[in-house]
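Now for the letters of each chain:
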Amino acid sequence: MIRRSKLETHLTDNCTKRIVNCQYCKRRGTHQLITSSSHLNECPDLPIQCSNEGCNEKILRCSLASHNEICPKAIVPCEYNTVGCNKKMKREKREKHNEEEITMHLQLATETIKSLQTSLEQKNSLIASNEVFRLNQFAKRKNENEDWYSPGFYTSPGGYKMSLHVYPNGNGIGKGTHVSSFIYFMAGEYDDTLEWPFQGVVTVELLNQLEDKNHKKSTLSYNELAPAEPKQRVKEGTKTHGWGYPEFISHGELEYNPATNCQYLKDNSLYFRVSVKATSKTKPWLMGASRIV
Ligand SMILES: [Zn+2]
Ligand SMILES: [Zn+2]
Ligand SMILES: [Zn+2]
Ligand SMILES: [Zn+2]
């Protein structure tokens with residue numbers, strides 16, 4: 001029993017069922033609930049000591065994760081972990097680590113690039129003789145008289161290495177009116193095992209982007225009648241003279257043509273397909289050796 005004079009004090013100060021606000025999150029509830037460990041264990045606005053060693057900041061529980069993203073004492077991986085530096089350090093030490101290890105990081109980056117190149121080349125050498133290339137930024141290249149090279153590709157596994165060379169604004173007699181396209185040979189990994197000069201047929205097609213027909217097609221026959229230079233083997237780092245068509249297609253023909261349902265230039269891009277049928281022979285007895293570099 002509580003005496004009447006004490007009742008008021010009990011209701012405002014002592015009663016465990018009285019309604020109060022949490023001093024942190026302002027949630028309303030009985031004093032018993034608000035001060036219980038079950039509320040304090042989940043109160044989003046309760047300040048909590050950052051758990052990173054050396055950090056004395058008190059952070060609202062709901063902000064702990066975002067604090068950890070910037071906490072100078074948080075343990076983080078080196079920024080160069082993607083190229084192989086496995087060091088971990090406090091965030092505040094990162095800059096110093098970067099300064100001290102600049103040489104090591106560069107070495108790692110260089111090695112990464114090298115191994116990417118190697119795997120890319122290995123991938124390239126598996127490419128068969130039917131390649132599609134996209135030439136983007138057509139308008140800009142045309143306006144600026146820029147030429148464009150496709151990546152080097154092999155005519156077949158273990159075959160010749162070549163590339164497509166395109167002048168969006170034309171070259172030679174096609175200048176200013178046509179797109180010009182040329183094929184040239186590059187030094188390839190299997191050149192020793194191949195017969196030179198190259199003999200065969202290279203077909204370059206500019207693809208109709210609306211349907212799989214009416215592609216603009218030109219064929220280059222590398223035979224006795226073909227000029228000598230473009231079919232010769234070249235040394236590493238050089239390429240042959242290109243061979244092809246200065247007037248491959250006129251600029252007017254690139255646009256949409258409703259009569260043929262043709263559109264070669266779309267979204268500022270052209271798609272070229274190069275197909276190669278080599279008739280010159282390989283030297284199979286030398287094949288294994290070329291892979292040992
Ligand atoms: Zn009470
Ligand atoms: Zn609370
Ligand atoms: Zn902290
Ligand atoms: Zn590092």
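Residues numbered from 1 in each chain as written. Chains lettered and ligands numbered in written order. Predicted model: local features only at pLDDT ≥ 70, side-chain atom pairs only at ≥ 80, totals over all residues. Heavy atoms only, no water.

A. Highlighting the coordination of the zinc ion (ligand 4). Distances from the zinc ion (ligand 4) to its protein donors, Cys78 (SG), Cys85 (SG), His97 (NE2) and His105 (NE2), fall at 2.0 to 2.2 Å. Here the zinc ion (ligand 4) is ringed by four donor atoms whose angles at the metal span 99 to 119°, and the overall shape comes out tetrahedral. We note that the donor set of the zinc ion (ligand 4) lies within a single chain, spaced as C-x6-C-x11-H-x7-H. (Donors = N, O, S within 2.8 Å, 3.2 Å for Na, K, Ca; no water. Tetrahedral: all angles 85-135°; square planar, octahedral: opposite > 155°, others 65-115°.)

B. Layout of the coordination of the zinc ion (ligand 2). The protein atoms that coordinate the zinc ion (ligand 2) are Cys22 (SG), Cys25 (SG), His39 (NE2) and Cys43 (SG), at distances of 2.2 to 2.4 Å. Sequence spacing among the residues donating to the zinc ion (ligand 2) works out to C-x2-C-x13-H-x3-C. A residue is classified by how much of its surface remains accessible, and histidine 39, at 4% relative accessible area, is buried. Judged by relative accessible area, cysteine 43 falls into the buried class, the value being 0%. (Buried < 20%, exposed > 50% of the residue type's maximum accessible area, 1.4 Å probe, protein only.)

C. Structural view of the sheet that holds strand E12 (residues 200-206). Here we have four strands laid out as an open sheet, ordered E7-E15-E12-E13, and antiparallel in their pairing. Of all the strands in the sheet, the pair left with one neighbour each is strand E7 (130-135) and strand E13 (216-222). Neighbouring strand axes in the sheet, compared pairwise and without regard to direction, differ in orientation by 20° on average. By the bridge criterion, seven bridges tie E12 to E13 in an arrangement that is antiparallel. Looking at the pairing, valine 201 lines up with serine 221 of E13. (Pairing = 2+ DSSP bridges. Helix = DSSP H or I, 4+ residues; strand = E, 2+ residues; numbered from the N terminus. Axes fitted to C-alpha atoms, helices over the stretch in contact; angles between N-to-C directions.)

D. Fine view of the domain arrangement of the protein. As far as domains go, the protein holds domain 1 (4-67), domain 2 (78-122) and domain 3 (129-291). Each of domain 1 and domain 3 has a C-alpha centre, and the two are 74 Å apart. (Domains from an automatic or database assignment.)

E. Broad picture of the environment of glycine 242. With respect to the helices and strands, glycine 242 occurs in the loop between E13 and strand E14 (243-250). Relative accessible area serves as the criterion here: at 38%, glycine 242 is assigned to the partly exposed category. When the C-alpha atoms of glycine 242 and histidine 165 are compared, they prove to be 7.6 Å apart, with 77 residues separating the residues in sequence. When residues no more than four places from it in sequence are discounted, the contact partners of glycine 242 are Phe182, Ile183, Tyr184 and Pro230. (Contact = heavy atoms within 4.5 Å.)

F. How the structure looks around the UniProt feature "zinc finger region: TRAF-type" (unreviewed entry) in the protein. Per the UniProt record, "zinc finger region: TRAF-type" (unreviewed entry) is found at residues 38-95. The span residues 38-95 carries 21% helix and 21% strand; its end-to-end C-alpha distance comes to 42 Å. (UniProt positions renumbered as here; feature names shortened; annotations may be inferred.)

G. Spatial organisation of the pattern of salt bridges. On inspection of all chains with the given rule, the structure shows eight salt bridges. A salt bridge links arginine 233 to aspartate 192; its shortest N-O distance comes to 2.8 Å. Here arginine 233, found in the loop between E13 and E14, pairs with aspartate 192, found in the loop between strand E11 (178-186) and E12; they are 41 residues apart in sequence, far enough to count as distant. Owing to a relative accessible area of 42%, arginine 233 belongs among the partly exposed residues under this scheme. (Salt bridge = Lys/Arg side-chain N within 4 Å of Asp/Glu carboxyl O.)

H. Structural detail: unusual backbone geometry. The omega torsion across tryptophan 196 and proline 197 is -5°, close enough to zero to call that bond cis. Mapped onto the fold, proline 197 is located in the loop between E11 and E12. Backbone geometry places glutamine 137, a non-glycine residue, at a positive phi of 50°. Along the chain, the position of glutamine 137 falls in the loop between E7 and helix H7 (138-143). Judged by relative accessible area, glutamine 137 falls into the partly exposed class, the value being 38%. In this model, asparagine 261 sits at a positive phi of 50°, which is unusual for a non-glycine residue. In this fold, asparagine 261 is placed in the loop between E14 and strand E15 (270-278). Residue class for asparagine 261 comes out partly exposed when judged on its relative accessible area of 27%.

I. Inspection of the packing of aromatic side chains at higher detail. One pass over the full model with this rule turns up 13 aromatic pairs. An angle of 45° between the planes, with centres 5.3 Å apart, marks the rings of phenylalanine 133 and phenylalanine 153 as tilted. With a gap of 20 residues between them, phenylalanine 133 in strand E7 and phenylalanine 153 in strand E9 (residues 153-154) connect regions that are remote in the sequence. Phenylalanine 153 carries the same exposure label as phenylalanine 133, and that label is buried. Relative to phenylalanine 182, the ring of tyrosine 167 lies with its centre 5.9 Å away and its plane at 90°, an arrangement referred to as edge-to-face. On the criterion of sequence distance, the pair formed by tyrosine 167 in strand E10 (residues 161-167) and phenylalanine 182 in strand E11 is long-range, its members being 15 residues apart. Pair check on accessibility: tyrosine 167 and phenylalanine 182 agree, each one buried. An aromatic cluster of three or more residues is present, and its members are Tyr160, Phe185, Trp196, Phe198, Tyr222 and Trp243. (Phe/Tyr/Trp six-rings, centres within 6.5 Å; stacked < 30°, edge-to-face > 60°.)

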